[in-house]
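# Observations on the model geometry
So you can see what is in the structure, the chains are spelled out below.
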Amino acid sequence: MTEIALLKFAHVLGLVYWLGADLGVFYSSYVLCDDQQPSAVRVSAAKILFALDQAPRVSMTLMLPLGVHLAVSLGYIVAPAWLVPALWLLTAGWLTMVLVLHFKGHGDALPGLKRFDLAFRALLVVALVGIGVTAIIGAMPSVTTWAGIKLAVFGGLVFCGLMVRLRLKPFEPAFGQLLRGEATAADNDAIHRSIGGTRPFVLTIWVGLLLNTALGVHVF
């Protein structure tokens, strides 16, 4: 199997795990928000949600270097030889941060790393959208319009992920109350509002993934 075939295969797997797991997370969120369900059922749904949610986080991290590596290999991006290895090295650090925060960043743990992660993602949004728009308007000949659109859309996906994180801020203390079996009406309302507030951004992520997939297979 050639390098390009391997990259395409991994890129498709990234889409499958990202979107497929996200659908499971989306469905589980409705069970979690249903305060007519017993607490044990809601907590079990939350455990499923948290486990499944790691797949989209890892997929997002890997999709960027896979896509750029593939675009460089196919000639859609003309880049110096160091760019792809540097991007993979950066991704290794990003992925490590994602995993550490998933397993060790509960509650008030690792506040500095959480702030760094948010700042890193915000910078990534600016960089990707900036490069994408610059390519789209023709001011960056080394990046084709096709690749520019995909980069800009991916930047939008990272932005939506950031917004999901921000909307979930009230969720954790309220969920802690649910875990202890002490959830009040105010806690349930906080769970409803925080998770409900993420859904428009989750749906936007799905649209962006489908758009980038359609571009990838040259539907238009």
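What this report covers is the structure whose coordinates are included nearby. Numbering of residues starts from 1 in each chain and follows the order in which that chain's sequence is written. Residue-level local features of this predicted model are given only where pLDDT is at least 70; pairs of side-chain atoms are given and counted only at 80 or more, and the full residue set underlies all totals for whole chains, interfaces and linings. Hydrogens are left out, water is left out, and the side-chain values use all remaining heavy atoms of the structure.

### Here we look at the pattern of salt bridges
A pairing counts as a salt bridge when a side-chain nitrogen of Lys or Arg comes within 4 Å of a carboxyl oxygen of Asp or Glu. This model, assessed by the stated rule, comprises five salt bridges. Between Asp53 and Arg57 there is a salt bridge, with its nearest N and O atoms 2.9 Å apart. In this pair, Asp53 and Arg57 both sit in helix 2 (residues 39-74), four residues apart, roughly one turn of the helix. For Asp53, a relative accessible area of 18% corresponds to the buried category. One salt bridge connects Asp189 with Arg193, and the closest N-O pair in it is separated by 2.8 Å. Note that Asp189 and Arg193 are positioned in helix 7 (residues 185-216) at a spacing of four residues, about one turn of the helix. Here a helix means four or more residues in a row that DSSP labels H or I, a strand means two or more in a row labelled E, and each is numbered from the N terminus. Burial classes: relative accessible area under 20% of the type maximum marks a residue as buried, over 50% as exposed, and values in between as partly exposed (1.4 Å probe, protein chains only).

### Some details on helix 4 (residues 111-136)
With 26 residues, helix 4 extends 37 Å between its outermost C-alpha atoms, agreeing within 8% with the 38 Å of an ideal straight helix rising 1.5 Å per residue. Those residues of helix 4 not exposed but buried are Asp117, Phe120, Arg121, Leu124, Val125, Leu128, Gly132 and Ala135. In this fold, the buried residues of helix 4 make contact with helix 2, helix 3 (83-104) and helix 5 (145-167). Remark: Gly138 follows helix 4 within two positions and exhibits a positive phi of approximately 85°. The length a helix should cover is 1.5 Å for every residue beyond the first. Here, two residues are considered to be in contact whenever any of their heavy atoms come within 4.5 Å of each other.

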